[in-house]
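Architecture and fold: a report
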Amino acid sequence: MSLLHDIQTAILQNNADLGPILLKLRLLAARLGSQPLAEWVKHESEGYPRGADLPEYRVIAVSYTATFFGPFGSSIQNAPISPYLIKKFGGESWARYEVRQSIAAIDELLSSSIKGGPLEINAANLIHLLQGNVYPDYACNSVTGAISRAALAELRHSVRSRVLELTIELEKSVPEASLVSLGPATTASSQNSAVATQIAQQIIYGNFTSISATGDGAQISVSVGERDVEGLVKFLVQGGVAEADARQLGQLVASEEPESKTEPFGTKARKWLVDNLKKAADGTWKVSVSVATDLMKEALLKYYGLK
């Protein structure tokens, strides 16, 4: 069995340990010559160091409660503190928690915590930031931050889903990936390395910037300028959409405006997407359904000048 198919078989097993699966994926990334993919696997296996970019799925919300003491022995115990107040007096960084621990450490946290109970984080520094800003005439005595077990379980599932998605996309777009096995390594072509890297960035980070490569089969970086239909078409084609379909979408978006600043699809474009997503599912497009949807949104945000 090839290394790629071995990973797919293992990731589909219920309660499979992600550790050995990530090690195999790291070897596959090395054989394909994709450094960004190898680095992602390394960080998931060993933890993300300070300064390393975190994927969005590793930033989770934090809830806070606090205890306040007032005059004549009065007190307010375990009072919930709204996210608005946390952001206003503590800053955005206190409202979200960056989970930099390895997958193994997250597994340990989930298994050792009380089922269904939250996990507490150190929020002592918030006491001074909230002092006098929540309840007038009441002193903030303690603050407790908590992240839910469900959020960590969802994070772990996100990693599993991305591993499976990566192998599916590599199998579809880099046929040589299915031939990689344990044994002597062969040199990956620059084209395969570039495609593997682009797939990794799309699935892990949602980054659809085209990857430049050198040598035969090198890809050209394409950016989408505001109201640039041709740039939009090239962007979608490099992302895996058939050129004829990309041009059809380009004509539609040129004839209408987006629904909002955060929802760049107009009525025609949305209907077109619903009618054509099956082409991602049946392999007509060289991109998966989930990635295709994000790719379209990214392209239209740039086209309409919303990003």
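Presented here is an overview of the structure given in this document. Note on numbering: residues in each chain are counted from 1, in written sequence order. In view of the model being predicted, local features appear only for residues whose pLDDT reaches at least 70, and side-chain atom pairs are presented and counted only at 80 or more, with totals across whole chains, interfaces and linings using the full set of residues. With hydrogens and water stripped out, all remaining heavy atoms of the structure feed into the side-chain values.

**Considering the overall build of the chain**
Helix numbering and strand numbering both begin at the N terminus, where a helix is a DSSP run of H or I of at least 4 residues and a strand a DSSP run of E of at least 2. In terms of helices and strands, the chain carries 14 helices and six strands. Judged by the C-alpha coordinates and their principal axes, the chain covers about 80 × 55 × 30 Å. Counting over 307 residues, the chain shows a buried share of 44%. Here the analysis covers contacts within the chain between residues at least 6 apart in sequence; of these, 67% occur between residues at least 24 apart. Using the Shrake-Rupley algorithm and a 1.4 Å probe, accessible areas are obtained, with residue cover drawn only from the displayed protein chains. Entry remark: accessible area of the chain is about 15800 Å², with carbon and sulfur atoms responsible for 53%. His is not counted here, nor are the chain ends, while Lys and Arg score as positive and Asp and Glu score as negative. Where a charge lies is defined by one atom per residue type: Lys uses NZ, Arg uses CZ, Asp uses CG and Glu uses CD. Taken together, the 29 basic and 32 acidic charged side chains of the chain have centroids lying 2 Å from each other. Throughout, exposure labels follow a simple rule: accessible area from a 1.4 Å probe, protein chains only, divided by the maximum for the residue type, with under 20% read as buried, over 50% as exposed, and the rest as partly exposed. Contacts are residue-level and defined by heavy atoms, with any inter-residue pair within 4.5 Å sufficient.

**With respect to the sheet that holds strand E5 (residues 119–121)**
When DSSP locates at least two bridges between a pair of strands, those strands are taken to pair. Taking strand neighbours across the sheet as the criterion, the four strands line up as E3-E2-E6-E5 in an open arrangement whose pairing is antiparallel. The open sheet has two edge strands, strand E3 (75–81) and E5, and neither has a second partner. On average, each strand axis in the sheet is tilted by 30° relative to the strand beside it, whichever way the strands run. As judged from the five bridges shared by strand E2 (residues 63–69) and E3, these two strands associate in the antiparallel manner. Within E3, the position partnered with Thr65 by the bridge is Pro80. With axes taken as lines fitted to C-alpha atoms, and helix axes fitted only over the stretch in contact, angles between N-to-C directions fall between 0 and 180 degrees.

**Looking at helix H10 (residues 229–239)**
Those residues of H10 not exposed but buried are Gly231, Leu232, Val233, Phe235, Leu236 and Gly239. Within 3.5 Å is the distance limit for a polar contact, defined as a pair of N or O atoms, with the added protein rule that one can donate a hydrogen and the other accept it, and that residues adjacent in sequence qualify only through two side-chain atoms. Structurally, the start of H10 carries an N-cap: the backbone nitrogen of Glu230 is 3.4 Å from a side-chain oxygen of Asp228. Just downstream of H10, Gly240 is the residue with a positive phi angle, here 115°.

**Quick notes on the nonpolar core**
In these notes, a set of buried Ala, Val, Leu, Ile, Met, Phe, Trp, Tyr and Cys residues joined through side-chain atoms within 4.5 Å is what counts as a nonpolar core. Core analysis: the biggest nonpolar cluster contains 86 residues, and Trp40, Tyr64, Leu170 and Leu236 have the highest contact counts within it. Here Leu236 is in contact with Val241, Ala246, Leu249, Leu295, Met296 and Ala299, once residues within four sequence places are set aside.

**Thoughts on the packing of H10 against helix H14 (residues 289–303)**
Contact pair H10 / H14: the axes reach a minimum separation of 10 Å and the direction vectors enclose 160°. Between H10 and H14, the interaxial angle falls into the category roughly antiparallel. Crossing geometry of H10 relative to H14 is assigned as right-handed. Listed contacts from H14 to Val229, Leu232, Phe235, Leu236 and Gly239 of H10 are Leu295, Met296, Glu298, Ala299, Leu300, Lys302 and Tyr303. Just so you know the grouping, Ala, Val, Leu, Ile, Met, Phe, Trp, Tyr, Cys and Pro go in nonpolar, Asp, Glu, Lys and Arg go in charged, and all remaining residues, Gly too, go in polar. Each residue belonging to the contact of H10 with H14 can be placed in one class, and the counts come to nine nonpolar, one polar and two charged. Angle categories: roughly parallel below 35 degrees, roughly antiparallel above 145, roughly perpendicular from 65 to 115, and oblique for all the rest. Whether a crossing is left-handed or right-handed is set by the direction in which the near helix is turned from the far one by less than a right angle, anticlockwise for left-handed and clockwise for right-handed.

**Thoughts on the pattern of salt bridges**
In the sections that follow, a salt bridge refers to a side-chain nitrogen of Lys or Arg positioned within 4 Å of a carboxyl oxygen of Asp or Glu. Across all of its chains, the model carries 16 salt bridges by this definition. Among the salt bridges present, the one from Arg58 reaches Glu44, with a minimum N-O distance of 2.8 Å. Pair noted here: Arg58 is in the loop between helix H3 (35–46) and strand E1 (59–61) and Glu44 is in helix H3, with a separation of 14 residues, a long-range link. The burial state of Arg58 is the same as that of Glu44; both residues are buried. Put simply, Arg50, Glu98 and Arg100 are held in one network by salt bridges that share partners.

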